[in-house]
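Spelled out, the chains give:
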Amino acid sequence: MTDSFTRRAALGLASAAAMTLALPAVASDWKPQKPVEMVIMAGQGGGADRLARLFQSIIQKENLSSMPILPVNKGGGSGAEALRYLKDKEGDAHTIMATLNSYYTTPLRTDIGVDIEEYTPIARMALDTFVLWVNADSDIQTLDDYVAAVKAAGGEWKMGGTGTGQEDSLVTAMLEKEFGIKHTYVPFKGGGTVAKNLVGGHIDSTVNNPSEQMGFWQAGKSRPIAAFTTDRIAVFPDVPTMTELGYPMTYTMQRSFVAPPGTPPEAVAYYTAMFEKLAESEEWQTYASEKALQTDLLTGDALQAYFLEERQRHNDILTSMGEIAGS
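Conventions adopted
- Residues numbered from 1 in each chain as written.
- Predicted model: local features only at pLDDT ≥ 70, side-chain atom pairs only at ≥ 80, totals over all residues.
- Heavy atoms only, no water.
- Helix = DSSP H or I, 4+ residues; strand = E, 2+ residues; numbered from the N terminus.
- Buried < 20%, exposed > 50% of the residue type's maximum accessible area, 1.4 Å probe, protein only.
- Contact = heavy atoms within 4.5 Å.
- Areas by Shrake-Rupley, 256 points an atom, 1.4 Å probe, with all protein chains shown as cover.
- Lys, Arg positive; Asp, Glu negative; His and termini not counted.
- Charge placed at Lys NZ, Arg CZ, Asp CG, Glu CD.
- Pairing = 2+ DSSP bridges.
- Axes fitted to C-alpha atoms, helices over the stretch in contact; angles between N-to-C directions.
- Core = buried A, V, L, I, M, F, W, Y, C linked by side-chain atoms within 4.5 Å.
- Salt bridge = Lys/Arg side-chain N within 4 Å of Asp/Glu carboxyl O.
- pLDDT = per-residue confidence, 0-100.
- Polar contact = N/O pair within 3.5 Å; in protein donor to acceptor, adjacent residues only side chain to side chain.

Draft legend 1. Quick peek at the overall build of the chain. When helices and strands are tallied, the chain shows 11 helices and 11 strands. For the chain, the C-alpha atoms occupy an extent of roughly 100 × 45 × 35 Å along the three principal directions. In the chain, which comprises 327 residues, the share counted as buried stands at 49%. Considering only intrachain contacts with a sequence separation of at least 6, the fraction spanning at least 24 residues in the chain is 77%. Within the structure as shown, the chain displays about 14900 Å² of accessible surface, and the carbon and sulfur contribution to it stands at 52%. In the chain, which carries 27 positive and 40 negative side-chain charges, the distance between the mean positions of the two groups comes to 5 Å.

Draft legend 2. Inspection of the sheet that holds strand S2 (residues 69–73) at higher detail. The mixed open sheet is built from six strands, whose spatial order is S2-S1-S3-S10-S4-S11. Strand pairing shows two members of the sheet lacking a second neighbour, S2 and strand S11 (294–299), which therefore form its edges. Ignoring strand direction, the axes of neighbouring strands in this sheet form an average angle of 20°. Against the sheet, helix H9 (residues 265–279) makes contact with strand S1 (36–40), strand S3 (95–99), strand S4 (120–128), strand S10 (253–259) and S11, and its axis sits at roughly 20° relative to S4, the strand it touches most.

Draft legend 3. Representation of the nonpolar core. In terms of nonpolar packing, the biggest core is built from 82 residues, with Tyr-103, Phe-275 and Trp-284 touching the most fellow members. A total of eight residues in this core trace back to one element, the largest contributor, which is H9. Beyond its immediate sequence surroundings of up to four residues, Trp-284 is in contact with Leu-51, Leu-54, Phe-55, Ile-58, Met-125, Ala-126, Leu-278, Ala-279, Leu-293 and Thr-295. Membership of the second largest hydrophobic core comes to 12 residues, among which are Val-131, Trp-133, Ile-203 and Ala-227.

Draft legend 4. Just the pattern of salt bridges, in detail. Tallied over the entire structure, the rule returns 12 salt bridges. Between Lys-61 and Glu-283 there is a salt bridge, with its nearest N and O atoms 3.3 Å apart. Note that Lys-61 is positioned in helix H2 (residues 47–61) and Glu-283 in helix H10 (residues 282–290), a separation of 222 residues in sequence. According to the relative accessible area criterion, Glu-283 is partly exposed, its value standing at 28%. Here Arg-232 and Glu-244 are joined by a salt bridge, their closest N and O atoms 2.7 Å apart.

Draft legend 5. Unusual backbone geometry, seen in detail. Its identity is not glycine, yet Asn-63 carries a phi of approximately 55°, on the positive side. Structurally, the position occupied by Asn-63 is in the loop between H2 and S2. Its relative accessible area of 65% is what places Asn-63 among the exposed residues. Even without glycine at this site, Ala-292 takes up a positive phi of about 60°. Inspection of the secondary structure assignment puts Ala-292 in the loop between H10 and S11. Given the relative accessible area of 8%, Ala-292 is considered buried.

Draft legend 6. Geometry of the confidence of the model for the chain. The predicted model of the chain averages 90 in pLDDT, with 91% of residues at 70 or higher. Here residues 1–27 is modelled with pLDDT under 50, and outside its nearest four sequence neighbours on either side it reaches one contact, counting other chains as well.

Draft legend 7. Broad picture of the side chain of Asp-49. Note on placement: Asp-49 falls in helix H2. When its relative accessible area of 5% is taken as the criterion, Asp-49 is described as buried. Look past the residues within four positions of Asp-49 in its chain and what remains in contact with it is Ile-40, Gly-43, Gln-44 and Asn-73.

Draft legend 8. Broad picture of the side chain of His-94. Its location among the elements puts His-94 in the loop between helix H3 (80–87) and S3. His-94 sits in the buried class, given a relative accessible area of 13%. Side-chain polar atoms of His-94 contact the backbone nitrogen of Gln-33, separated by 2.9 Å. Not counting chain neighbours up to four residues away, the residues in contact with His-94 comprise Trp-30, Pro-32, Gln-33, Lys-34, Pro-35, Val-36, Glu-37 and Tyr-271.

Draft legend 9. Spotlight on the sheet that holds strand S9 (residues 222–227). If you trace the five strands from one edge of the open sheet to the other, you get S7-S6-S8-S5-S9, paired in mixed fashion. Each edge of the open sheet is held by one strand with a lone partner, namely strand S7 (184–187) and S9. Sheet topology places strand S6 (residues 158–161) next to strand S8 (residues 205–206); two bridges connect them, and they run parallel. From the neighbouring strand, Gly-160 faces S8, where its bridge partner is Thr-206. Docked against the sheet, helix H7 (residues 191–199) engages strand S5 (131–135), S6, S8 and S9, running at close to 40° with respect to S5.

Right under this line is the structure:
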């Protein structure tokens, strides 16, 4: 009887152990059951759109997802459309969103009923840089030349951007505050359109991301004047930083992915692993190097902490610009 009981007890313990071991395996086996919507909180043609679609392309080429990833642009209201859309997708395991800094600034500037703390962080893939650009036909060669030209224009100098409160408008405001100059800010639907209007002579300058201007720069149609980075950008070794010129002005844009509030943990794990594999791909590493992107993968709680820290920083910037009331 004792032997029989011992055998039954041993079998029971073994069975329980097997079930315990099987539980995480079941969770890790989660895969999307239908195409995954990749919401892009910006219009077509700009840096955010092109980068999100590059990620989609790499995911497909490397078979990183068991189901197709479908990019869809929702750039209305400086990303408000996308933020509301994602909030309304609460608990949906088949939606992710590509973000930029309007992820913080739009909820700060506009009461759209969202709190970014509710969204589910997935991965920060890179930090994008900013450069001051002029048309290559311009006589402007240095930052001093630029400041003098803007002052001489008496407020008529046209700075192209993607909308008030957007990242480039914040950098423009930094320039105005630092040098006591005034631009006429001309908004367009996306960074790609801004770049085209610079080389077309319809605006006088931009602070585009390098990826948005790269083709025109390589064709000799635009000229970088200064970078808003701590160190010089490798692909522009002769372009000084604002800091080395004596003006400690730095600004970057995060290129990240989040999911709706209440996304199931197993789905979060799946998408996090997907982007971790993407981050290691040769195509992504090459692209990031060529387009002056700073690769710095961040996930989970560390990413959420970064988001909240940046939200406070942008709150301070917008308050100093008079865009929002101080808190």
